[in-house]
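# Results of the structural survey
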Amino acid sequence: MDLREHIRDIPDFPKPGIIFKDITPMLAHAEALKQIIDDFAAEYRGKVDIVLGIESRGFIVGAAVAYALGVGLALVRKPGKLPSDTYVAEYDLEYGSDKLEIHSDAFGHPCRVLVLDDLLATGGTAGAAVQLVRKLGGEVVACAFIIELGFLGGRAKLVDCPVHSLVNYE
Ligand code: AMP
């Protein structure tokens, strides 16, 4: 199946000049959704102890992949959303800048972590998630994405961990 057929381009969202890759058609398509989860699960079965989902679309895919792998799910969230003690990392976005947080006890160690999000753009978000995992003493097995905007060069911010994407717009 060509997953690209289930990704919709929304021009000028959320700001003029951005072409937003909308994955809601993909999530709504039973076979496309199954293929994504099965692909990630096949790649990481037995290799990770926890999946780390990045807010918010990373939660959707992350929860399904964690379930398929038989491991737990940890969350990286926007500031002020996590109720317990957190570590914070700052990062740059394709559109703006922001911070991310993780619970300081999100996972024990040693812990092999799969960082998961819907899309890799400039790499700032995933780079911050990697920093947070390492702050907690975890090992980043890979950063995995449904979509990579290869022309933005986000991989360059993730040089020290494997990067895996299912669809790459080069
Ligand atoms: P970045 O930090 O630049 O790699 O941005 C990645 C994060 O921003 C991911 O959580 C994406 O969901 C979101 N994002 C950035 N650019 C886009 C885009 N063109 N379409 C959809 N989501 C995007």
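Each value, and the rule that gives it
- Residues numbered from 1 in each chain as written.
- Predicted model: local features only at pLDDT ≥ 70, side-chain atom pairs only at ≥ 80, totals over all residues.
- Heavy atoms only, no water.
- Helix = DSSP H or I, 4+ residues; strand = E, 2+ residues; numbered from the N terminus.
- Rg over C-alpha atoms; globule rule 2.2 N^0.38 Å.
- Buried < 20%, exposed > 50% of the residue type's maximum accessible area, 1.4 Å probe, protein only.
- Contact = heavy atoms within 4.5 Å.
- Areas by Shrake-Rupley, 256 points an atom, 1.4 Å probe, with all protein chains shown as cover.
- Axes fitted to C-alpha atoms, helices over the stretch in contact; angles between N-to-C directions.
- Parallel < 35°, antiparallel > 145°, perpendicular 65-115°, else oblique.
- Left-handed = near helix turned anticlockwise from the far one by under 90°.
- Nonpolar A, V, L, I, M, F, W, Y, C, P; charged D, E, K, R; others polar.
- Salt bridge = Lys/Arg side-chain N within 4 Å of Asp/Glu carboxyl O.
- Disulfide = S-S within 2.5 Å.

## Digging into the overall build of the protein
Along its length, the protein carries four helices and nine strands. Its helices and strands taken in sequence order, the protein reads β-β-α-α-β-α-β-β-β-β-α-β-β from the N to the C terminus. By the compact-globule yardstick of 15 Å for 170 residues, the protein fits well, its C-alpha radius of gyration being 15 Å. C-alpha extents for the protein along the principal axes are approximately 40 × 35 × 30 Å. Counting all 170 residues of the protein, 47% fall into the buried class. Considering only intrachain contacts with a sequence separation of at least 6, the fraction spanning at least 24 residues in the protein is 57%. When the accessible surface of the protein is split by element, carbon and sulfur atoms take 51% of a total near 8,200 Å².

## As for the packing of helix 2 (residues 30-44) against helix 3 (residues 57-69)
Contact pair helix 2 / helix 3: the axes reach a minimum separation of 9 Å and the direction vectors enclose 50°. What the angle tells us is that helix 2 and helix 3 run oblique. When you trace helix 2 past helix 3, the crossing you get is right-handed. Note on element contacts: helix 3 touches helix 2 through Val61, Ala64, Val65, Ala68 and Leu69, opposite Ile36, Ile37, Phe40, Ala41 and Tyr44. In the contact of helix 2 with helix 3, the residues fall into 10 nonpolar, no polar and no charged.

## Considering unusual backbone geometry
In the segment running from Glu55 into Ser56, the intervening peptide bond is cis, with an omega of -5°. Residue position: Ser56 is located in the loop between strand 3 (50-54) and helix 3. Residues His109 and Pro110 are joined by a peptide bond in cis, for which omega reads 5°. If you check the backbone angles, Asp12 has positive phi at about 60° while not being a glycine. Residue placement: Asp12 occurs in the loop between strand 1 (8-11) and strand 2 (19-22).

## Points about the pattern of salt bridges
Counted under the stated rule, the structure contains nine salt bridges. Note that Asp22 is salt-bridged to Arg8, the shortest N-O span being 2.6 Å. Taken as a pair, Asp22 in strand 2 and Arg8 in strand 1 lie far apart in primary sequence, 14 residues in all. Across the pair Asp49 and Arg112 runs a salt bridge, and its minimum N-O distance is 2.8 Å.

## Quick word on the state of the cysteines
Applying the stated criterion to the full structure yields zero disulfides. No disulfide involves Cys111; its sulfur sits 14 Å from that of Cys143, the nearest cysteine. Note on Cys111: relative accessible area 8%, which makes it buried. Lacking any disulfide linkage, Cys143 is separated from the closest cysteine sulfur, that of Cys161, by 3.6 Å.

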